[in-house]
Every structure is written in structure tokens, then in C-alpha cells.
Amino acid sequence: MSNVDVVVTGLGATTPLGGDVSSTWDALVAGRNGVRTLEMDWLERFDMPSRIGAPLAVEPTDVLPRVQARRLDRCEQIAVIAAREAWADAGFAIPTDDDEPVDPDRLGVSIGTGIGGPLTMLGMDDILERDGLRKVSPLTVPMLMPNGPAAHVGIELRARAGVHTTASACASGAEAIANAYQMIQNGRADIVVAGGAEACIAPITVAGFCQSRTLSTRNDEPDRASRPFDVDRDGFVLGEGAGILVLERADHAAARGARVYARLSGYGITSDAHHITGNHPEGIGQIKAMRNAVALAGLTATDIGHVNAHATSTVVGDIGEAAAIRKAIGDHVVVTAPKASIGHLVGGAGAVESIATLLAIYYGTIPVTRNLENLDPKVGLDVVTGEPRKVDLSAAINNSFGFGGHNVAVLFTAA
């Protein structure tokens, strides 16, 4: 594998805090909240213990043309929306028959999702049972398949260097970004549109998480429900959203005079091989992922000034990650946990939080962690609360961990 600089030249997102990157970032820095009471009738019908979530701030059907929206699962809709923003932010126009802004054979896509299209699967199954075969959409499979978000973005942008989907639960978005880095390093592409998307606030997923007792049941106080690192945390809040980055060879970006947010300088991918839902009790996979990212970037642990923690607000997970951060990086780092504001975006989490991580470097500001009123003494880290922290950052890590024992750390450095 060659050693070329990979830079970030475009960003796009749609999240529980806003319909684009700027509104999401501003809300995150201000410590605003995207968690609220859900209004689906099935919550009461199935007597769900958790009735709160972090739905999108802007409905994708308000953004996309009506016909296109009907042909896409919600997960695909938000991937397309975020990709369009990122592509335009990087300075490119959507390709047409008369104009292809980049060589399609040097353009790739890598977009992860943890679950795919459960809304389509559940909805079409209901239609089949109620109305019969003829009422089932012929687009059902393209709408529910996990590679649908990446495929639709690839088709729109005419990417022919490879269109890939990572499915590693809550680490999917971050692993897709790492995969994009590899594509550029291996010489397969000059530009890769990378990230993650998830829209799985559905009866079966909520029921499954409720039965595993991983969701917060603070139904009377949704704005205080997601509380990473707090002694009173009681589980995560399920959210939905997408984040997309345009990654580019540094020399390619420089040749066209592109604005650069940050460098993607390293990554680490490991697996625990321990438990399908629980992390390794000694955090060996998480520690190794962070250390591998630092080593690949040619840095040392003391160079890392900030860690964007996976920190979902579960009792065991937060403490395990905190211990891993202390062992891999040290207790000097400044930490934040965005899931306090946006909930857990599953396959979209690693991508949206990677955007937050690199923007912390770009703007010299680390967002606050909402609802952290009583820091668990077992954390032992400097977690930002109250007001955003003004810092001069040269390197930062975003952690993403997923069911199945997936551990991904991506490392960004100042441009």
C-alpha cells in the first residue's frame, strides 16, 4: 500500500439536530437536544418500555422530489441527501451526460449501514399479508438491501471505481471511512464518497433493543435521557441520521484548489472475538484499534488531544471505553460524547461523529456533553461539560464500536 495524504474536502449530514452539517454542528456545540418523545402508535400498541428517540430534524420527503422519495427506503433517502451536500461542499456538480466533473473510473463510494431497510421490509410484509402479492412494490428488494444507500449514491455520482457497503453494526460508518482510506491508498481511486446512514426506528428494532434492556426508559424526561458517562445513565436512545465525507488524494485536491477540512491520517480496525453484544472486559480490541490508528498516522499517544467517544450511555459500555482510552491514549485527552445530543445513530453514528471530530480540529472547538451532571468516578477522563472547550488541536480520534465485537478508531489531523 502506498503512503499518500488523504484529505477531507466535503461534508454532508442530516441528523436529529439539523438537516445539514452547519445546523448540526451549531446545535451540537450549543448543547442542544435532538431526543424527544416518539409519537408512533405502535409504541403504545406493543407497550414498549422505551418511547423516546432521536428522529431526524428535517424529514427527507421535504427535501427529495416526491417520485424519487417513494422509490427509496428512508435509509437510502438520507444517504442521498447527505451525499449531495458533501459533493457540493467539495465543489463538484452532479454529473450529467454533458459534464462529468471527475473521472468516474477514479471515483468510489463506501457507505455503511448497520441494519439497512427495516421500514421497507416491515411495511411491505404488512402489505403482502393484508393485500396480497400484486400490491407489493417491485422495488422492495432494492429498497431494503443494506447496499442500497451506497448503490444509489454511486449511481447518482457515476462512481465506477467501486461501490462498497460495510455492515459492522454501530461501527459501520467509521469502517466505511477506513475502507475509503484504503481505496485511495491502494491506488483504486482519487476520490471516495464515504460515511454511514441509518433509519431504523421501527417496531422490531425498538422491541429488540427493549428486550435486551439497552434502551433508556426515561420517558418522562427525554431531554435528559441520553447521558453518557453520568452515574445515572440507564441506556442509549435510538436515533436516525446520515453523515458523508468526501475523501480525496491530497495532490488531487490541491491541483483543483479545493478547501481542505482535515487529513484522515490513520485508522484501526479490530474485533474482540468475545461476545455478540458485550465488549471485551479488558478492552483489548478497543485499545488496539486506537493504538493502530496512532501508529498508522506516525504519531504517539501524546499527540492526540481529543477523543470523540463512542459512549452510548450504557452502564457497562461507557466505563469500558473510558478505561480503554486511558490505556491507549492517556488521561490527558479532552473527551466529548455527542450521543447525549443526537442519540445513537447506529450505522450512521461513526460517520456523523467523524464529522464532529474533524470539525473540532477545524474550528478549534470541542462540543459539550449534554446531561453530564454527575461524572461517574470510574471514567477518569476530562469530559467537556457546561460550555464548549476552545482548544488548539493537531490530532483527534473518533471511536466507534459495534455489536459483534467490532472496534474502529479513525484519526484526523489538522490540514
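In short, a report on the structure. (Residues numbered from 1 in each chain as written. Predicted model: local features only at pLDDT ≥ 70, side-chain atom pairs only at ≥ 80, totals over all residues. Heavy atoms only, no water.)

1. Comments concerning the overall build of the protein chain
What counts is decided by this rule: The way it works is that DSSP assigns letters per residue, a run of H or I at least four long becomes a helix, a run of E at least two long becomes a strand, and they are numbered from the N terminus. For this measure, only C-alpha atoms enter the radius of gyration; the expected value for a globule follows 2.2 Å times N^0.38, where N is the number of residues. Any two residues whose heavy atoms approach within 4.5 Å at even a single point are treated as in contact. Using a 1.4 Å probe, accessible areas were evaluated by the Shrake-Rupley method; residue-level cover was limited to the displayed protein chains.
When its secondary structure is counted, the protein chain shows 14 helices and 15 strands. For the protein chain, the C-alpha radius of gyration of 20 Å lies close to 22 Å, the compact-globule estimate for 415 residues. Overall size of the protein chain, expressed as C-alpha extent along the three principal axes, is 60 × 55 × 40 Å. A sequence separation of at least 24 residues applies to 78% of the contacts in the protein chain between residues at least 6 apart. Roughly 16,100 Å² of accessible area belongs to the protein chain as shown, and the carbon and sulfur atoms make up 50% of that amount.

2. Details of unusual backbone geometry
The following threshold applies: Relative accessibility decides the category of a residue: with a 1.4 Å probe and only protein chains considered, values under 20% of the type maximum give buried, values over 50% give exposed, and everything between is partly exposed.
For D47, which is not glycine, the phi dihedral falls at a positive 55 degrees. Structurally, D47 can be placed in the loop between α2 (41-45) and β3 (52-53). You will see that R213, though not glycine, has its phi angle at about 60 degrees, which is positive. Here R213 lies in the loop between α9 (203-211) and β7 (241-249). Taking relative accessible area as the criterion, R213 reaches 77% and is therefore assigned exposed.

3. Re the environment of I269
Summarising the element assignment, I269 is placed in strand β8 (residues 262-271). Judged by its relative accessible area of 34%, I269 is partly exposed. Other than its neighbours up to four places away in sequence, I269 contacts E175, A178, N407 and V408.

4. Quick notes on the state of the cysteines
For the record, the criterion: Disulfides are defined in this document as cysteine sulfur pairs within 2.5 Å.
Here the structure, examined in full by the defined rule, presents zero disulfides. C170 carries a free sulfur, and the closest cysteine sulfur to it, the one in C200, is 8.6 Å from it. Owing to a relative accessible area of 12%, C170 belongs among the buried residues under this scheme. In this model C200 remains outside any disulfide bridge; the closest cysteine sulfur is found in C75, 8.4 Å from its own. You can call C200 buried: its relative accessible area is 0%.

5. Describing the sheet that holds strand β14 (residues 395-402)
Rules: Any two strands are treated as partners once DSSP identifies two or more bridges connecting them.
One open sheet holds the 11 strands; their spatial order is β5-β4-β6-β7-β1-β8-β15-β14-β9-β10-β12, and the pairing between them is mixed. The two strands at the open ends of the sheet, each matched to only one other strand, are β5 (163-164) and β12 (382-383). Relative to β14, strand β9 (residues 306-308) is paired through three bridges, and the arrangement is parallel. Within the sheet, the bridge partner assigned to H306 lies in β14 and is A396.

6. Comments concerning the packing of aromatic side chains
The cut-off we apply is this: Ring pairs shown here join Phe, Tyr and Trp side chains whose ring centres sit within 6.5 Å, with only the six-membered ring taken for Trp; geometry is labelled stacked below 30 degrees between planes, edge-to-face above 60, and tilted in between.
As enumerated under the stated definition, the model contains seven aromatic pairs in all. Measuring from centroid to centroid gives 5.5 Å for Y181 and Y267, while their planes differ by 70 degrees, and the two rings are edge-to-face. With Y181 in helix α8 (residues 172-185) and Y267 in strand β8, the pair connects residues that are 86 residues apart, well separated along the chain. A single burial state applies to Y181 and to Y267, both of which are buried. Within the aromatic cluster, the residues linked to one another by ring pairs are W25, Y261, Y362 and Y363.

7. Some remarks on the packing of helix α1 (residues 21-30) against helix α14 (residues 349-363)
Where we set the bar: Every angle, taken between N-to-C directions, lies between 0 and 180 degrees, and every axis is a line fitted to C-alpha atoms, over only the stretch in contact when it is a helix. Here roughly perpendicular refers to angles of 65 to 115 degrees, roughly parallel to angles under 35, roughly antiparallel to angles over 145, and oblique to all remaining angles. Polar here means any residue other than Ala, Val, Leu, Ile, Met, Phe, Trp, Tyr, Cys and Pro, which are nonpolar, and Asp, Glu, Lys and Arg, which are charged; Gly is therefore polar.
Running from N to C, α1 and α14 point in directions that differ by 75 degrees, and their axes come no closer than 11 Å. In terms of orientation, α1 lies roughly perpendicular with respect to α14. In this structure, α1 contributes V21, W25 and L28 to the contact, and α14 contributes I355, A356, L359, A360 and Y363. Among the residues making up the contact of α1 with α14, the classes are represented as eight nonpolar, no polar and no charged.

8. Considering the nonpolar core
It is characteristic of soluble globular proteins that their nonpolar side chains tend to be buried jointly. Defined as follows: The nonpolar core is taken to be a set of buried Ala, Val, Leu, Ile, Met, Phe, Trp, Tyr and Cys residues, with the residues joined through side-chain atoms within 4.5 Å.
Core analysis: the largest hydrophobic core is formed by 49 residues, its most contacted members being L11, L245, L247 and L358. With nine residues, α14 is the largest single contributor of residues to this core. Those residues in contact with L247 that sit more than four places away from it in its chain are V6, V7, V8, I177, A180, Y181, I184, D190, I191, V192, A194 and L264. Counting 30 residues, the second largest nonpolar core, distinct from the first, contains L64, C75, V80 and V109.

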